[in-house]
Amino acid sequence: MDFELANALARIVELKDQSTGAHTWRVTMYAQAVAEAERMPISTVMGFMLGAVLHDIGKIDIPAGILSKPGRLTDAEYETMKSHTVLGWERVQRMGVRDPLVLHVIRSHHERIDGSGYPDGLVGEAIPIAARWFSVIDGFDAMTSLRPYRDGVGEDAAARAIADLREHAGTWYEPRAVEVFDELHQTGRLDSILEHLNDREGQASLVGPLDSEAMSIARNALLESTTDAEDVRRIEAILDLASEQTR
Ligand SMILES: [Fe+2]
């Protein structure tokens with residue numbers, strides 16, 4: 001899958017899940033920074049970044065009422081929310097994605113080193129390394145992005161987030177990934193991603209609004225990935241919502 005299609009799909013997820021704003025864009029830029037700091041080969045960098053773009057693609061299959069519910073989710077709703085990992089992993093494979101890096105990030109980005117994560121409750125090195133690294137990035141962005149219920153962002157939030165990553169290094173997070181992320185933060189490499197792309201309206205994004213060409217590529221890919229009539233109806237509803245909001 002190319003980045004153009006992946007970006008369009010990620011934008012559609014963001015239109016549905018308003019609270020994420022430019023989350024996908026930021027985590028992709030963090031992924032690039034981390035991959036380069038680790039001097040990963042270029043094919044690994046690209047796979048890791050594509051995984052970042054697509055990591056929450058399964059939210060396409062989660063009802064909007066659960067995605068943007070202001071209060072606490074019920075146990076049943078939380079179980080549904082958790083399924084975005086497996087559903088996304090399944091859907092991108094129906095779209096032809098075969099790169100293990102990409103698939104690992106999508107399925108396993110909510111796993112934790114101590115086995116308390118989901119969807120598979122994997123422990124330690126059983127969690128694919130790309131997912132272990134990405135969960136540090138995802139965790140950091142969740143703690144430093146504007147949310148309806150939180151105002152504090154910027155340097156204070158970043159320092160608190162790094163402290164939290166450090167506290168959970170070895171239990172939730174891969175210690176080496178936390179260390180690299182902390183170093184990047186200290187050198188200021190993350191500042192432009194953190195500060196300038198975190199606006200209240202969730203409009204900040206280098207990829208910009210969905211244009212009609214990207215939208216039609218995404219439409220075709222999504223419709224081709226459907227499994228049954230109900231899935232087609234669900235996808236068409238999302239596409240209607242997206243085209244309304246991109247007009
Ligand atoms: Fe996720």
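Model, not experiment: these values are computed from the prediction.

A short note on the overall build of the protein
A count of helices and strands for the protein gives 13 helices and zero strands. Seen in sequence order, the protein has helices and strands lined up from the N terminus as α-α-α-α-α-α-α-α-α-α-α-α-α. Taking all 247 residues of the protein together, the buried fraction comes to 40%. A sequence separation of at least 24 residues applies to 70% of the contacts in the protein between residues at least 6 apart.

As for the confidence of the model for the protein
In the predicted model, the protein carries a mean pLDDT of 87, and the fraction of residues at 70 or more is 87%. Considering each helix and strand of the protein separately, the mean pLDDT is smallest for helix α11 (residues 191-196), with a value of 76, and largest for helix α7 (residues 100-108), with 97.

Overview of the environment of Pro-119
As for its placement among the helices and strands, Pro-119 is situated in the loop between α7 and α8 (129-144). It is 7.2 Å that separates the C-alpha atoms of Pro-119 and Val-86, two residues lying 33 residues apart in sequence. Contacts of Pro-119, omitting those with residues within four sequence positions, involve Lys-82, Thr-85 and Val-86.

Digging into the packing of helix α1 (residues 3-16) against helix α12 (residues 212-224)
In contact at an axis separation of 9 Å, α1 and α12 are set at 85° when each is read in the N-to-C sense. Classified by the angle between their axes, α1 and α12 sit roughly perpendicular to one another. Here Glu-4, Leu-5, Ala-8, Leu-9 and Ile-12 of α1 lie close against α12, whose contacting residues are Ala-214, Met-215, Ile-217, Ala-218 and Ala-221. Of the residues in the contact of α1 with α12, the class split is nine nonpolar, no polar and one charged.

Looking at the packing of helix α3 (residues 42-54) against α7
It is at 8 Å that the axes of α3 and α7 come closest, and there the two elements cross at 35°. The two elements α3 and α7 meet at a crossing, and its hand is right-handed. Across the interface between the two elements, Thr-44, Gly-47, Phe-48, Leu-50, Gly-51, Ala-52 and Leu-54 from α3 touch Leu-101, Val-102, Val-105 and Ile-106 from α7. Its residues assigned to classes, the contact of α3 with α7 shows eight nonpolar, three polar and no charged.

Considering the environment of Ile-12
For Ile-12, the location among the structural elements is in helix α1. For Ile-12, a count of 27 C-beta atoms within 10 Å translates into the label buried.

Let's talk about unusual backbone geometry
With omega at 10°, the peptide bond leading from Tyr-118 into Pro-119 counts as cis. The backbone of Arg-39 sits at a positive phi, close to 50°, despite the residue not being glycine. With respect to the helices and strands, the residue Arg-39 is situated in the loop between α2 (23-37) and α3. Given 8 C-beta atoms within 10 Å, Arg-39 falls into the exposed group.

Parameters and conventions
Residues numbered from 1 in each chain as written. Predicted model: local features only at pLDDT ≥ 70, side-chain atom pairs only at ≥ 80, totals over all residues. Helix = DSSP H or I, 4+ residues; strand = E, 2+ residues; numbered from the N terminus. Buried ≥ 20, exposed ≤ 12 C-beta atoms within 10 Å, placed from the backbone. Contact = placed C-beta atoms within 7 Å. pLDDT = per-residue confidence, 0-100. Axes fitted to C-alpha atoms, helices over the stretch in contact; angles between N-to-C directions. Parallel < 35°, antiparallel > 145°, perpendicular 65-115°, else oblique. Nonpolar A, V, L, I, M, F, W, Y, C, P; charged D, E, K, R; others polar. Left-handed = near helix turned anticlockwise from the far one by under 90°.

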